[in-house]
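Here is how the chains run, residue by residue.
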Amino acid sequence: MSTPEAILSLSRRAVIAPAGHGKTELIAKAAAMGQRTLVLTHTHAGVHAIRARLNRLVVLDRDVSVDTIASWACRYVQAFPRRANQPPLNPRGRDWDAVYLGALSLLSSPIVQQVIRASYDRILIDEYQDCEQYQHAIAMQLSCIVPTVIFGDPMQGIFEFVPSRISWANSVANSFSHAYELQVPHRWASSNPDLGDWIAQTRQKLMNGQPIDLRDGPLTYVATNNPFDMSLFFDGMEGRAGSTAAIYCWRRTCNELAKVTRGAYQSIEEIAAQRLIEFAQAWDEAQANPHLRGQALRTLLEDVMTHASATSVTDDAALPAAWCHFCQTGMACDALEVIKLERAQETARAFRGELLGDARRAIGDVAAGRQSSMVAACEAVRHRLSIVGRAPVARTISTPLLLKGLEFDHVLIPDASHFVKQQFAAAKLFYVAISRAKHSLTISSPSPILQFPLPNL
Amino acid sequence: MRIERLSVRYFRGIKTLEWSLKGQPICCLIGAGDSAKTTVLDAAEAALSPRWITFNEADFHEVDTSQEILIEVTIGELSNTLLADGRFGLYLRGLAEDGSINDEPEDSDQPVLTVRLSVDATMEPVWSLVCDRYAEPRILSNRDRGMFCLVRLAGDEARHLTWTQGSVLSKITGANDETAQLLAQAYRTARTSANLKSVAELSMAAGAAEKAARKLGAYVSSEYGPDLELGRGRFNAGAIALHDGLVPLRLAGLGTRRLATLAVQRSAISEGAIVLVDELEQGLEPHRVMGAMAQLRKWQAEAEKDNLPRGQILMTTHSDVVIGELPPPALFVMHRKDQSLSGIKQACAGGDLSRIMKHAPRALFARRILVCEGATELGLMLGLRQTYAGRHDNVPIEQLGGAIINGQGAAAPPLAAALAWLGYQVALFRDSDRPLDQKWAGYLSKYQVPVLEYMNAMNTEQAVFLSAPDASVEDLLTVVKEGISEATLLDHLRGAFPRTPVEEDFSEWGPPLNAIAHRLALANLAIKMKWFKNEERGRAIAPAVLNIIQENAASALAQCLLNIEQWFYVDA
């Protein structure tokens, strides 16, 4: 069986772990049993999840290191830059290929192999379905140096649109032979065991290309063809204790839905926070032109806040005065004043609170002289967020890509039929969406039967 | 762990020093007095010891605090603890086969770490790792330095014979957090019963120490055990000391105390310690020195066989017994050319010295060495040497740092060149009947080695007989007679001089040959019959030769031998 002890005897094998089947717990326990274990994953959020589990097991940092593949590779590549063919120091975008290729080259050095053997006696790699080809190559090399076990779920491999993403069946299964598949849906044991079973069965059906009937399960089916049908969002909202997530595949629609709900559901930003960086660039470019800075702030606020009605202009003259002042000075401290007054308006509601909060923090950092440019300030804010994680929000609306790996007490899916129409990974996206739900799942769709294409495993 | 390179700048007597240790697991450093051997060990200790070291003005070269003290130690045979990426694995450098260091290691390099200790005028020492790949240097804490496992066997060994904090015995007892608890438990046990032997962990550590100490040749009269040394002030871990029976080991003889300490340290460190030993021979009889050396080598050989780190022993010595027991590559010679410049060379790098190390190790402690071509010359010189002191205010050549060694014939010129390369003042005393090989003549003149030989291409036998007055020839024949018996000598003489009254005194020999021809024939006979061809015979003719020198100071023999005497005394 797939006990932590059993993991210790494996080398170059794969453990298949459907969502909510206790994978993190298994990894943490197996890691804790070793002398010096390296756990690799893809995101800082993943690092946090494992670290938190290890802390609960009272495992010392020096016995288990947890890192993302990217930052682990960076650390080694920076230590041996010549052998790694001088990759860039602060990689962005395609630079990462050079980092990974550098790390690959390093791993064939006998000295680096000696360091790795001295540092770890076991490597566990999480979320393997999200590996790109070079990361996979690195994992292969590592598995030649110390015993390596990978964990993942081909049904959650939703990054099919990235061309360098590897296929589980074609690449992974040949390199890391199948050891176990986890069987017990731990996540639902205390909340809703029926839902857990239904999700597990649905996973099986999706893998086989069988149709899904939304009426025959422990979920709420709402017949509607309008994703903007507000009854899905607000009916029974008071009764839902804990966290709620609405999941929709299109980011823009998520923002619009968040706006329509008037911020009751908050749309969140991706780690790179493109919209925030756009604002920062506009700010920095308008250095000599306070008016353009005003413009940049105004469009940002339009994208993150909504007002009850266009006519509800306050008689308070402070806000227009603050805008006027800021458009003359272009100073960060004056921008802060504008934001403060805008938020103080009774009718104002932010629906992208994370974006607004980050912008305010970045402007604050610039105002206090902690950062020299708005772009640097915004990047620092996002970096901090990637390390410490998002603050919890009661109700979120976002895409499967941004919500994967998280769990919510209640999940709403507006118009599930749009999942079927996704060009890439339609069935997998749907599986990731439904498996986020812990207590309840509510799905709206014009038809109760969903027929997905066979997933690309 | 093994020190691969040591570089020292502006530290005490050393202005600049580079020492490449050639991967030797045992390195024995010799050199004339005041050549800063101990400073070299001090430098290694300062860089790698976990103890905080305080510096003052006197530690700076020529007390000039404006020149920063800089000690860099490059260490190989690294333990897994050091190699881990959470420690120093990402700071590795590479030691190439040719001894050069690459900041980023090549695949074929040996992984090494370089520790730098720098002290500026603030007297604040800073330990860091040398690695050009990072903008910020990695500063080393005392805990970090402890992982290099360096121990020094110096004057204050008593500490290591107790369980005091940081002592080696406390390390054997358990290098983890349990140690403190264990000792706390020991106090409690001790307070109630004072029977420390009942604490299994302490007894085990003592047992391990005893086993190793016996192997090294320490005298154990009863058995080693932990006990309280009362009347030593406060009751702390330091009051628990290693006892031999009822006697604290601290009170044992110097030799046994040192061997016991060495044994304790050896059994403490499994990862291959770097052990610094000042004058291993201190307090030990020659046979115990030999025993200890043999055991140290055996331990390293066993570790190598089991694929374990061998560690390294760095020592200084003034004992020819130690040198005699060393593997030839282990010997390093330190010479200082002037007040500031020091150099350390591996003895065998200039040529094969194994024969000297085995048979005449004492000569390696000298400053000027006369290399004699063969046994005859050696014996002759040893005989003459005894008469030197009388003519030079009772100063023997040894007092001036002189030594005389046998160069073993054709090996003599290479040996002379090798010794001169190492920094010794060397002269070569040779027969001149065969011309010196051009190659070696070149080397010898390059290293300023005077070649002392007889004029007119004579060998020693010819020089002796041709320079000898009649009476001295008779003296020489008497010496031969004592060596090979009168009958044999007459036999030899009758064969060579058929119509000469060889039974008579040499002055009576007369025709058919003239005096010169008689002497030449005698010399040839002496060579043929090997009359003088060993050290003892050579020594026996010395009084006769001394006579010849006094009677015939212009002779080839006298000229050559007076040159040698002058080289020893006048040029000293």
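About the criteria used
- Residues numbered from 1 in each chain as written.
- Chains lettered and ligands numbered in written order.
- Predicted model: local features only at pLDDT ≥ 70, side-chain atom pairs only at ≥ 80, totals over all residues.
- Heavy atoms only, no water.
- Helix = DSSP H or I, 4+ residues; strand = E, 2+ residues; numbered from the N terminus.
- Contact = heavy atoms within 4.5 Å.
- Buried area = accessible area lost by both parts, 1.4 Å probe.
- Salt bridge = Lys/Arg side-chain N within 4 Å of Asp/Glu carboxyl O.
- Polar contact = N/O pair within 3.5 Å; in protein donor to acceptor, adjacent residues only side chain to side chain.
- Nonpolar A, V, L, I, M, F, W, Y, C, P; charged D, E, K, R; others polar.
- Core = buried A, V, L, I, M, F, W, Y, C linked by side-chain atoms within 4.5 Å.
- Buried < 20%, exposed > 50% of the residue type's maximum accessible area, 1.4 Å probe, protein only.
- Axes fitted to C-alpha atoms, helices over the stretch in contact; angles between N-to-C directions.
- Parallel < 35°, antiparallel > 145°, perpendicular 65-115°, else oblique.
- Left-handed = near helix turned anticlockwise from the far one by under 90°.
- Patch = residues over 30% accessible without salt bridge, like charges linked within 9 Å, V, L, I, M, F, W, Y side chains within 5 Å.
- Areas by Shrake-Rupley, 256 points an atom, 1.4 Å probe, with all protein chains shown as cover.
- Pairing = 2+ DSSP bridges.
- Phe/Tyr/Trp six-rings, centres within 6.5 Å; stacked < 30°, edge-to-face > 60°.
- Lys NZ or Arg CZ within 6 Å of the ring centre and 35° of its normal.
- Lys, Arg positive; Asp, Glu negative; His and termini not counted.
- Charge placed at Lys NZ, Arg CZ, Asp CG, Glu CD.
- pLDDT = per-residue confidence, 0-100.
- Disulfide = S-S within 2.5 Å.

**Some points on the environment of Arg382(A)**
All names here are of chain A.
Alright, step 1. Here Arg382 is to be found in helix H17 (residues 374-388).
Alright, step 2. Separated by 123 residues in sequence, Arg382 and Lys259 place their C-alpha atoms 23 Å apart.
Alright, step 3. Those residues in contact with Arg382, other than ones at most four positions away along the chain, are Glu269, Glu270, Ile271, Ala273, Leu276, Glu354, Asp358 and Arg390.

**So, the interface of chain A and chain B**
Alright, step 1. At the junction of the two partners, chain A supplies 18 residues and chain B supplies 16 residues.
Alright, step 2. Across the interface of chain A and chain B, roughly 1500 Å² is buried in total on both sides, 54% from carbon and sulfur atoms.
Alright, step 3. Among the residues chain A hides against chain B, the three largest losses belong to Phe80(A), Arg82(A) and Ile111(A). Together they make up 35% of the total.
Alright, step 4. Put simply, chain A and chain B have three salt bridges between them.
Alright, step 5. The shortest N-O distance in the salt bridge between Glu106(B) and Arg82(A) comes to 3.8 Å.
Alright, step 6. Put simply, chain A and chain B have nine residue pairs in polar contact (both at pLDDT 80 or more) between them.
Alright, step 7. Elements supplying a minimum of two residues to the side of chain A that touches chain B: helix H4 (69-79) and helix H6 (110-119) of chain A.
Alright, step 8. Taken together, the residues of the side of chain A that touches chain B sort by class into ten nonpolar, five polar and three charged.

**Let's talk about the nonpolar core**
Residue and element names in this part refer to chain B.
Alright, step 1. Ile71 and Leu419 are the most contacted members of the largest nonpolar core, which totals 164 residues.
Alright, step 2. In contact with Ile71, other than residues within four places in its own chain, are Leu6, Ser7, Val8, Phe11, Ala43, Ala46, Ala47, Val115, Arg116 and Leu117.
Alright, step 3. Core analysis: the next-biggest nonpolar cluster, separate from the first, contains 53 residues, Tyr388, Ile397, Tyr454 and Leu490 among them.

**As for the packing of helix H14 (residues 318-329) of chain A against helix H15 (residues 332-344) of chain A**
Residue and element names in this part refer to chain A.
Alright, step 1. Where H14 contacts H15, the two axes come as close as 9 Å, and the packing angle between them is 155 degrees. In terms of axis orientation, H14 runs roughly antiparallel to H15. Crossing of H14 against H15: the hand is left-handed. Across the interface between the two elements, Ala318, Leu319, Ala322, Trp323, His325, Phe326 and Thr329 of H14 pack against Asp334, Ala335, Glu337, Val338, Leu341 and Glu342 of H15.
Alright, step 2. Partitioned by chemical class, the residues of the contact of H14 with H15 number eight nonpolar, two polar and three charged.

**Observations regarding a nonpolar patch on the surface**
Residue and element names in this part refer to chain A.
Alright, step 1. Residues Phe161, Leu401 and Phe424 make up a contiguous nonpolar surface patch of roughly 240 Å² in combined accessible area.
Alright, step 2. Within the fold, Phe161 resides in the loop between strand S5 (148-152) and helix H8 (168-175).
Alright, step 3. Judged by relative accessible area, Phe161 falls into the partly exposed class, the value being 41%.

**Points about the pairing of strand S9 (residues 244-247) of chain A**
All names here are of chain A.
Alright, step 1. The two faces of S9 match: Thr244 and Ala246 on one face and Ala245 and Ile247 on the other face are all buried.
Alright, step 2. Bridge analysis of S9 against strand S13 (residues 395-398) gives four bridges, and the strand direction is parallel. Residue pairing for S13: Thr244 is matched across the bridge by Arg395.
Alright, step 3. Pairing of S9 with strand S14 (residues 408-413), which is carried by three bridges, proceeds in the parallel orientation. Of the residues in S14, the one forming a bridge with Thr244 is His410.

**Focus: the sheet that holds strand S20 (residues 425-429) of chain B**
Residue and element names in this part refer to chain B.
Alright, step 1. Strand order in the open sheet formed by four strands is S19-S18-S20-S21, with parallel pairing between adjacent strands. The open sheet is flanked by strand S19 (402-406) and strand S21 (451-452), the only strands paired with a single partner.
Alright, step 2. In terms of strand pairing, strand S18 (residues 368-372) meets S20 through five bridges, oriented parallel. Within S20, the position partnered with Ile369 by the bridge is Val426.

**Side note on the packing of aromatic side chains**
Alright, step 1. Taken as a whole and assessed by the stated rule, the structure comprises 22 aromatic pairs over all chains.
Alright, step 2. Seen in terms of ring centroids, Tyr388(B) and Tyr569(B) are 5.8 Å apart; in terms of plane orientation they differ by 80 degrees. Their pairing is edge-to-face. Separated by 181 residues along the polypeptide, Tyr388(B) in helix H11 (residues 375-391) and Tyr569(B) in helix H20 (residues 556-569) bring together distant segments of the chain.
Alright, step 3. The rings of Tyr128(A), Trp168(A) and Phe176(A) are connected pair by pair, giving a single aromatic cluster.
Alright, step 4. Looking at Arg145(B), its charged tip hangs above the ring of Trp127(B), at a distance of 3.5 Å from the centre.

**Thoughts on the environment of Met455(B)**
All names here are of chain B.
Alright, step 1. With respect to the helices, strands and loops of the structure, Met455 is situated in the loop between S21 and helix H14 (460-467).
Alright, step 2. With a relative accessible area of 38%, Met455 lands in the partly exposed category.
Alright, step 3. Between the C-alpha atom of Met455 and that of Asp433, which follows or precedes it by 22 residues, the distance is 9.5 Å.

**Remarks on the pattern of salt bridges**
All names here are of chain A.
Alright, step 1. Scanning the entire structure with this criterion turns up 56 salt bridges over all chains.
Alright, step 2. One salt bridge connects Arg92 with Glu379, and the closest N-O pair in it is separated by 3.3 Å. Here the residue Arg92 occupies a position in the loop between H4 and helix H5 (95-106), and Glu379 occupies one in helix H17, the gap between them amounting to 287 residues.
Alright, step 3. The class for Arg92 is exposed, based on a relative accessible area of 53%.
Alright, step 4. Of the residues examined, Glu379 reaches a relative accessible area of 32% and is grouped as partly exposed.

**Focus: a positive patch on the surface**
Alright, step 1. Residues Lys211(B), Lys215(B), Arg266(B) and Lys298(B) make up a contiguous surface patch of positive charge.
Alright, step 2. Checked against the element boundaries, Lys215(B) lands in helix H6 (residues 200-216).

**Notes on the confidence of the model for chain B**
Residues shown with low pLDDT carry predicted positions that ought not to be read at fine detail.
Alright, step 1. Counting all residues, the mean pLDDT for chain B is 86, and 89% of those residues have values of 70 or more.
Alright, step 2. On the interface metric, ipTM, the complex scores 0.81, and its pTM is 0.82.

**What to know about the state of the cysteines**
Residues and elements named next belong to chain A.
Alright, step 1. Within this structure, the stated rule accounts for zero disulfides over all chains.
Alright, step 2. The thiol of Cys74 is unpaired, and the distance to the nearest cysteine sulfur, on Cys131, comes to 16 Å.
Alright, step 3. Overall, Cys74 belongs to the buried group, its relative accessible area being 13%.
Alright, step 4. Sulfur of Cys144: no disulfide; nearest cysteine sulfur belongs to Cys131 and is 15 Å away.
Alright, step 5. Here Cys144 falls in the exposed class, since its relative accessible area comes to 53%.

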